[in-house]
Amino acid sequence: MAGRVIAITGAFGVLGSAVAKAAAEQGYKVILIDYAATPPAGLLAACGPQAQVLGGVDLSEPGAATTAIDHAAQAFDGLDVLVNIAGGFAWQTLADGAPEAWDAMFRMNLATAANASRAAIPHLAGSKAGRIVNIGANGAVKAAAGMGAYAASKAGVHKLTESLAEELKAQGITVNAVLPSIIDTPTNRADMPDADHSAWVAPADLAAVILFLASEEARAVTGALLPVTGRV
């Protein structure tokens, strides 16, 4: 993967950081994009001297997404891979929850992916192996109680993935999504202290699947919704 350029949204989070570090180890030139202003300590250094950071980017705004992706592509004179990790989670029942949560989940999970992808298409078209990898959710396949807003937004990501794969296949750009169950993060451990954390999906393991889909070896795979569920 040496020399290929990868842009990662939501790059300052646990999964985004894992993907960024793994990509740098494989020789990618890495662009880290996030809503937060600054990356966590050590992340930029771990991604190598050529890594670029774009903080404070609201990807739910189309103009901001275009500006960020254009800057990312210009930094390395091209773009080969976009990984859409930016997103969020909210649990609430419909009866007791706030209506605004539905819009928030749509903006955080679906609009960010759609806006970043739209901005990236012209740049990916210039790659020999353009790739988009989205983060869906296994919990959006069959939603549990309290998961309506989140699952609906992630189901939208699934359909965006399938539709965009068909739209871009003639250009040689593949579009796939991973569907994790519970990712082993500090926040999830704090929220579910009594769970069997060993059954969850390690960020490094999910990153490995994402980077396979981003690789040239995955050129025959597009429109896939790939479950990555550990032992959940």
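Everything discussed here concerns the structure shown above.
Keep in mind that this is a model prediction, so the values were computed, not measured. (Residues numbered from 1 in each chain as written. Predicted model: local features only at pLDDT ≥ 70, side-chain atom pairs only at ≥ 80, totals over all residues. Heavy atoms only, no water.)

Points about the overall build of the protein
Threshold: Helix numbering and strand numbering both begin at the N terminus, where a helix is a DSSP run of H or I of at least 4 residues and a strand a DSSP run of E of at least 2. Radius of gyration here uses only the C-alpha atoms, and the compact-globule reference equals 2.2 Å multiplied by the residue count raised to the power 0.38. Under the scheme applied here, a residue whose accessible area is under 20% of the maximum for its type counts as buried, over 50% as exposed, and between as partly exposed, the area being computed with a 1.4 Å probe on protein chains only. Whether two residues are in contact is decided by their heavy atoms: any pair within 4.5 Å suffices. Per-residue and other accessible areas follow the Shrake-Rupley method at a 1.4 Å probe size, with only the shown protein chains counted as cover for residues. Lys and Arg are tallied as positive, Asp and Glu as negative. Neither His nor the chain termini are counted. A single reference atom marks each charge: NZ on Lys, CZ on Arg, CG on Asp, CD on Glu.
Secondary structure assignment for the protein yields 7 helices and 7 strands. Sequence-ordered secondary structure for the protein, helices as α and strands as β, is β-α-β-α-β-α-β-α-β-α-β-α-α-β. Compactness check: the protein gives a C-alpha radius of gyration of 17 Å against a globular reference of 17 Å for 232 residues, within 12% of the reference. Here the protein holds 232 residues, and 48% of them are scored as buried. Restricting the contact set of the protein to residue pairs at least 6 apart, pairs at least 24 apart contribute 69%. For the protein, the computed accessible surface area is about 10,500 Å², with 56% contributed by carbon and sulfur atoms. For the protein, the distance from the average position of its 14 positive side-chain charges to the average position of its 20 negative side-chain charges is 7 Å.

Thoughts on the pairing of strand 6 (residues 174–180)
To keep things clear, this is the line we draw: At least two bridges found by DSSP between two strands is the condition for calling them paired. Classification remark: right-handed applies to a crossover when, strands pointing away from the viewer, the course from the first strand over the helix to the second runs clockwise.
With respect to burial, strand 6 is a largely interior element, 7 of its 7 residues being buried. Because side chains alternate across strand 6, one face comprises the buried residues T174, N176, V178 and P180, and the other comprises V175, A177 and L179, equally buried. Taken together, the 5 bridges between strand 5 (residues 131–135) and strand 6 define a ladder with parallel strand orientation. Bridge assignment links N134 to a residue of strand 6, and that residue is A177. Tracing the backbone out of strand 5, into helix 5 (residues 148–168) and back to the parallel element strand 6 gives a crossover that is right-handed. Bridge count between strand 6 and strand 7 (residues 225–228): 4 bridges; the pairing is parallel. Looking across to strand 7, one finds that A177 is bridged to L225.

Regarding the pattern of salt bridges
Just so we agree on the cut-off: Salt bridges are identified by distance alone: a Lys or Arg side-chain nitrogen within 4 Å of an Asp or Glu carboxyl oxygen.
Following the criterion strictly, the structure yields 5 salt bridges and no others. Here D80 and R4 are joined by a salt bridge, their closest N and O atoms 4.0 Å apart. On the criterion of sequence distance, the pair formed by D80 in the loop between helix 3 (62–75) and strand 4 (81–84) and R4 in the segment before strand 1 (5–9) is long-range, its members being 76 residues apart. Per residue, the accessibility class of D80 equals that of R4, and both read buried. Notably, a salt bridge pairs E166 with K169, separated by 2.9 Å at the nearest N-O pair.

Some thoughts on the packing of aromatic side chains
Note the cut-off: Between 30 and 60 degrees the pair is tilted, below 30 it is stacked and above 60 it is edge-to-face, where a pair is any two Phe, Tyr or Trp rings, Trp via its six-membered ring, whose centres lie within 6.5 Å.
In the structure shown here, the tally under the stated rule is 1 aromatic pair. Centre to centre, the rings of F89 and Y150 are 4.8 Å apart; their planes meet at 75 degrees, and the pair counts as edge-to-face. With F89 in the loop between strand 4 and helix 4 (100–124) and Y150 in helix 5, the pair connects residues that are 61 residues apart, well separated along the chain. With a relative accessible area of 13%, Y150 lands in the buried category.

A word on the nonpolar core
Definition in use: For our purposes a nonpolar core is just a set of buried Ala, Val, Leu, Ile, Met, Phe, Trp, Tyr and Cys residues, chained together by side-chain atoms within 4.5 Å.
Membership of the largest hydrophobic core comes to 32 residues, with the highest contact counts inside it found for I6, I8, V30 and I210. When contributions to this core are tallied by element, the ones reaching two or more residues are strand 1, helix 1 (14–25), strand 2 (29–33), strand 4, strand 5 and helix 7 (203–214). Counting residues per element, this core draws most heavily on helix 1, at 7 residues. If sequence neighbours within four positions are ignored, V30 has contacts with I6, I8, A20, A23, A24, Q50, A51, Q52 and F76. Grouped together as the second largest cluster of nonpolar side chains are 27 residues, A7, I69, L82 and A119 included.

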